[in-house]
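Listed here are the chains, written in short residue letters.
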Number of protein chains: 2
Amino acid sequence: MFHLNKLYVVGIGPGAADEMTVRAMKALEASQVIAGYGVYTDLVRPLFPDKEYLETPMRKETERCRMAVDAAMSGKTVAMISSGDAGVYGMACLIYELAEGNKELDIEVVPGVTAALSGAAVLGAPLGHDFAIISLSDLLTPWEKIEKRLEMAAAADLCVAIYNPSSHKRADYLMKACDILLRHASPETVCGAVRNIAREGEEMHVMTLQELREYKADMFTTVFVGNSQTRVIDGRMVTPRGYTNA
Amino acid sequence: MFHLNKLYVVGIGPGAADEMTVRAMKALEASQVIAGYGVYTDLVRPLFPDKEYLETPMRKETERCRMAVDAAMSGKTVAMISSGDAGVYGMACLIYELAEGNKELDIEVVPGVTAALSGAAVLGAPLGHDFAIISLSDLLTPWEKIEKRLEMAAAADLCVAIYNPSSHKRADYLMKACDILLRHASPETVCGAVRNIAREGEEMHVMTLQELREYKADMFTTVFVGNSQTRVIDGRMVTPRGYTNA
């Protein structure tokens, strides 16, 4: 019988084990090897202590994915894990790119709860209508492109979930992003930020776009910008779809 | 001791029970009453046959949510379920609106895997970079607003996941949407469609934006439009983040 080498690409959700889907759990259980960035493998290791782990430091994405592909090609069932969803700024694309033309590899992407969804649930319901997810990381994307996307999103009155709002090298990027959004959006637009989603020290803040401009986000923060209809209900950030007007 | 009435608002994912998070499972287990649109309650009933069920037909969203709030206020622990994520065109916003000012109700939103993520995993990795989620339903949103959002998304070279691409009354909306996207995007832009995600009869198709214009989507279809970098790799739709160029 022809044997296909199995490689799962698994989104493990925001952090806590309970935020993983049952399908993700089963994929990890079915795997002999779990590959990923050390922070994420540390999250699943207590659940699956007897697996073989392949870890790489941050920013070694290509090496990490190549290790996972090689391990799968050696005949082992492998799960390559990402936080959140494996397809949203995750490793799924890179796995497909590295495995291009490889007919002996069976790649299965297992979706997960990305930070836009898990962070939104902490804030209330900020993404109840059309929205965009935009990363402020310009490591792999020209800043001009990010700027254009922010501007168009605000012009279209889309809610926005902002990933990677800040880092040591990009301390003022969130402020720059707010200034672009303010070209079209009101300074009173309801915004929110969630830090350490589904992990120890989880915290959320609701504020205006003007206040977000001064907010000190870090790399564990996901930021939410409302649309013109977003409002604060009992301390939560809520974007109505319009049922109560219908 | 002061007793808060508990109302979970739970995203159950695309359909199959395995696509639910462990946290969603536990919320349903902890509830005495499960409320929702009949199609969704039918999905969870086999898992939790002994619960009390509150069901309403489609388009009775406000009544459905009010029933759930009332049941929780009567002292029962209630789970209001949505397919996908409860905050993405789901019931979470409406629950917050209906419960405004109610200090005796403890609302907890439990996030889930929305169709953009579950459909993307079937297609490969179409949402590997910044993207927008836009619904073509103009029941609660003026068409001009939807049109503007599509146009701005294409102008910003965002990938787009299109929800509610079609219905009986709106048979030509996807074609109209493609025409708007084509003002900025190439007719060769890689697109995809997934039908019956994580359910019986799941199918996916990869095509160009020009072909998508003629595609017959139904209400069980989620549509994906790539950005200028999206390509087909071994039959899958993949939007690279750029690691392999870095």
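Everything in this summary refers to the structure shown in the same document. None of the values given here were measured: they were computed from a predicted structure.

**Brief notes about the state of the cysteines**
So, step 1. Within this structure, the stated rule accounts for zero disulfides over all chains.
So, step 2. With no disulfide of its own, A:C159 lies closest to B:C93 among cysteine sulfurs, the gap being 8.8 Å.
So, step 3. On the accessibility criterion, A:C159 (0% relative accessible area) is buried.
So, step 4. Cysteine A:C191 is unpaired, with the sulfur of A:C178 as its nearest cysteine sulfur at 6.5 Å.

**Remarks on the nonpolar core**
So, step 1. Membership of the largest hydrophobic core comes to 59 residues, with the highest contact counts inside it found for A:L174, A:L212, B:L136, B:L174 and B:L212.
So, step 2. If sequence neighbours within four positions are ignored, A:L174 has contacts with A:L136, A:I162, A:P165, A:L212, A:Y215, A:A217 and A:V223.
So, step 3. Ranked by size, the runner-up nonpolar core spans 41 residues in total, among them A:V122, A:A198, B:L127 and B:F131.

**Regarding the pattern of salt bridges**
So, step 1. The full count for this structure, using the stated rule, is 38 salt bridges over all chains.
So, step 2. Close ionic contact of B:R149 with A:D130 constitutes a salt bridge, the shortest N to O distance being 2.9 Å. Of the two residues, B:R149 sits in helix α6 (residues 143-155) while A:D130 sits in the loop between β6 (124-125) and β7 (131-135), which places them in two different chains.
So, step 3. The buried category is assigned to B:R149, whose relative accessible area is 1%.

**What about the sheet that holds strand β1 (residues 5-11) of chain A?**
All names here are of chain A.
So, step 1. Within the open sheet, the five strands sit side by side as β3-β2-β4-β1-β5. Their pairing is parallel. Both edges of this open sheet fall to β3 (52-56) and β5 (105-110), since each of them pairs with a single strand only. When the angles between neighbouring strand axes are averaged without regard to direction, this sheet yields 20 degrees.
So, step 2. Relative to strand β4 (residues 78-82), β1 runs parallel, the two sharing five bridges. Looking at β4, one finds that L7 is bridged to V78.

**Some remarks on helix α5 (residues 115-123) of chain A**
Residue and element names in this part refer to chain A.
So, step 1. The buried fraction of α5 is high, at eight of nine residues.
So, step 2. All of the buried residues in α5 are A116, L117, S118, G119, A120, A121, V122 and L123.
So, step 3. Once α5 finishes, G124 follows within two positions and takes phi at roughly 135 degrees, a positive value.

**What about the interface of chain B and chain A?**
The extent of an interface is frequently quoted as the accessible surface area lost upon association of the parts.
So, step 1. Contacts between the two partners involve 70 residues from chain B, matched on the other side by 70 residues from chain A.
So, step 2. Interface area for chain B against chain A, summed over the two sides, is near 6200 Å², with a carbon-plus-sulfur share of 59%.
So, step 3. Linking chain B to chain A there are twelve salt bridges.
So, step 4. Here B:D18 and A:K26 are joined by a salt bridge, their closest N and O atoms 3.0 Å apart.
So, step 5. Joining chain B to chain A, the criterion identifies 36 residue pairs in polar contact (both at pLDDT 80 or more).
So, step 6. Looking at side-chain class alone, the side of chain B that touches chain A contains 33 nonpolar, 20 polar and 17 charged residues.
So, step 7. With three bridges connecting them, β7(A) and strand β7 (residues 131-135) of chain B associate as antiparallel partners. From the neighbouring strand, A:F131 faces β7(B), where its bridge partner is B:I133.

**Structural notes on the side chain of B:S118**
So, step 1. Mapping B:S118 onto the fold places it in helix α5 (residues 115-123).
So, step 2. When sequence neighbours within four positions are dropped, the list of residues in contact with B:S118 reads A:P111, B:P14, B:V113 and B:I197.

**Considerations on α6(B)**
Because each turn of an α-helix spans 3.6 residues, side chains separated by three or four positions in sequence point in the same direction.
So, step 1. For α6(B), spanning 13 residues, the distance from its first C-alpha to its last is 18 Å, which sits close to the expected 18 Å at 1.5 Å a residue.
So, step 2. Three or more residues of α6(B) are buried, namely B:W143, B:I146, B:R149, B:L150, B:E151, B:M152, B:A153, B:A154 and B:A155.
So, step 3. Summarising the contacts, the buried residues of α6(B) are in contact with α6 (143-155) of chain A together with β7, β8 (159-163) and α7 (173-181) of chain B.
So, step 4. Note on α6(B): the residue one or two positions beyond its end, B:D157, has a positive phi of about 55 degrees.

**With respect to the packing of aromatic side chains**
So, step 1. Within this structure, the stated rule accounts for six aromatic pairs over all chains.
So, step 2. Centroid distance A:Y89 to A:Y163: 5.4 Å. Interplanar angle 50 degrees. Geometry classified as tilted. Within this pair, whereas A:Y89 is found in the loop between β4 and α4 (92-98), its partner A:Y163 is found in strand β8 (residues 159-163), the two being separated by 74 residues in sequence.
So, step 3. Using a relative accessible area of 10% as the deciding quantity, one classes A:Y163 as buried.
So, step 4. Here B:W143 and B:Y173 contribute two aromatic rings whose centre-to-centre distance is 4.8 Å and whose plane-to-plane angle is 55 degrees, an arrangement assigned as tilted. On the criterion of sequence distance, the pair formed by B:W143 in helix α6 and B:Y173 in helix α7 is long-range, its members being 30 residues apart. Comparing B:W143 with B:Y173 shows no difference in burial state: the two are buried.

Definitions and limits used
- Residues numbered from 1 in each chain as written.
- Chains lettered and ligands numbered in written order.
- Predicted model: local features only at pLDDT ≥ 70, side-chain atom pairs only at ≥ 80, totals over all residues.
- Heavy atoms only, no water.
- Disulfide = S-S within 2.5 Å.
- Buried < 20%, exposed > 50% of the residue type's maximum accessible area, 1.4 Å probe, protein only.
- Core = buried A, V, L, I, M, F, W, Y, C linked by side-chain atoms within 4.5 Å.
- Contact = heavy atoms within 4.5 Å.
- Salt bridge = Lys/Arg side-chain N within 4 Å of Asp/Glu carboxyl O.
- Helix = DSSP H or I, 4+ residues; strand = E, 2+ residues; numbered from the N terminus.
- Pairing = 2+ DSSP bridges.
- Axes fitted to C-alpha atoms, helices over the stretch in contact; angles between N-to-C directions.
- Buried area = accessible area lost by both parts, 1.4 Å probe.
- Polar contact = N/O pair within 3.5 Å; in protein donor to acceptor, adjacent residues only side chain to side chain.
- Nonpolar A, V, L, I, M, F, W, Y, C, P; charged D, E, K, R; others polar.
- Expected span 1.5 Å × (residues − 1).
- Phe/Tyr/Trp six-rings, centres within 6.5 Å; stacked < 30°, edge-to-face > 60°.

By themselves, these are just geometric observations and shouldn't be taken as functional.
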